[in-house]
Amino acid sequence: MDPQLKKGLLDACVLAVVGEGDTYGYELTQKTVSLLGVSESSLYPVLRRLEQQGCFETYNAEYGGRLRRYYRMTARGRERLAQARADMAELAHIVEFIMGKGQPLPLPDGGEKDE
């Protein structure tokens, strides 16, 4: 897959993983890396940015004598995830068309395309 396309999907994937429930950093990176095939190092800036934008809150919890940093979705994060899912639904329709299995989206005004 094109690296630019993967980059565009990265935020949506991270939001979706955290949207499943509180997730610690390593678990989040493993799920996202296995899904998109991106490097772990590319995820940490995304996590920091989404946290700074108010999509996540973080907390530390002990596990096996070590502290893990967990990410929890906020209301802002749920809004962003809902928007990402709406965008992905539109993208899925476009992909279906490209793959020869769907129809083009109607024009926004509902009119016919001029030829």
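A.B. asks: What is the right way to read the overall build of the protein from this model?
C.D. replies: Counting its secondary structure elements, the protein contains four helices and three strands. In sequence order, the secondary structure elements of the protein are arranged as α-β-α-α-β-β-α. When the 115 residues of the protein are sorted by exposure, 28% land in the buried category. Of all intrachain contacts in the protein linking residues separated by at least 6 positions in sequence, the fraction that spans at least 24 positions is 44%. Just so you have it, the protein exposes about 8000 Å², and 52% of that area is on carbon and sulfur atoms.

A.B. asks: Would you explain helix 4 (residues 75-98) in this entry?
C.D. replies: Residue pairs three or four apart in sequence face the same way in an α-helix, which turns once every 3.6 residues. Taking 1.5 Å per residue as the helical rise, helix 4 with its 24 residues ought to reach 34 Å, and the 35 Å between its terminal C-alpha atoms agrees with that figure. Burial in helix 4 covers these residues: Gly77, Leu81 and Ala84. Of the residues one or two after helix 4, Gly100 is the one with positive phi, at around 80°.

A.B. asks: Whenever I open this one, the pattern of salt bridges confuses me. Can you help?
C.D. replies: Pairing between side chains becomes possible if they bear opposite charge and their charged atoms approach one another. In this structure the tally under the stated criterion is six salt bridges. Across the pair Glu57 and Arg72 runs a salt bridge whose closest N-O atoms are separated by 3.4 Å. Taken as a pair, Glu57 in strand 2 (residues 56-63) and Arg72 in strand 3 (residues 66-73) lie far apart in primary sequence, 15 residues in all. One salt bridge connects Glu79 with Arg76, and the closest N-O pair in it is separated by 3.6 Å. Pair noted here: Glu79 and Arg76 are both in helix 4, with a separation of three residues, about one helical turn. Salt bridges sharing partners connect three or more residues here, namely Asp11, Arg49 and Arg80.

A.B. asks: Where do I start with the packing of aromatic side chains in this structure?
C.D. replies: To describe a pair of aromatic rings, you give the distance between the ring centres and the angle between the ring planes. Following the criterion strictly, the structure yields three aromatic pairs and no others. Aromatic pair Tyr24 and Tyr70: ring centres 5.7 Å apart, planes at 65°, arrangement edge-to-face. Placement of Tyr24 in strand 1 (residues 23-24) and of Tyr70 in strand 3 is noted, with a sequence separation of 46 residues between them. Ring centres of Tyr59 and Tyr70 lie 5.3 Å apart, and the angle between their planes is 10°; on these two criteria the pair is classed as stacked. Here Tyr59 is found in strand 2, whereas its partner Tyr70 is found in strand 3, with eleven residues between them in sequence.

A.B. asks: Which parts of the structure should I look at to understand the side chain of Thr29?
C.D. replies: Locating Thr29 in the fold gives a position in helix 2 (residues 25-36). Those residues in contact with Thr29 that sit more than four places away from it in its chain are Glu40, Leu43 and Tyr44.

The rules we used
- Residues numbered from 1 in each chain as written.
- Predicted model: local features only at pLDDT ≥ 70, side-chain atom pairs only at ≥ 80, totals over all residues.
- Heavy atoms only, no water.
- Helix = DSSP H or I, 4+ residues; strand = E, 2+ residues; numbered from the N terminus.
- Buried < 20%, exposed > 50% of the residue type's maximum accessible area, 1.4 Å probe, protein only.
- Contact = heavy atoms within 4.5 Å.
- Areas by Shrake-Rupley, 256 points an atom, 1.4 Å probe, with all protein chains shown as cover.
- Expected span 1.5 Å × (residues − 1).
- Salt bridge = Lys/Arg side-chain N within 4 Å of Asp/Glu carboxyl O.
- Phe/Tyr/Trp six-rings, centres within 6.5 Å; stacked < 30°, edge-to-face > 60°.

Remember that the coordinates give geometry; whether it matters functionally is a separate question.
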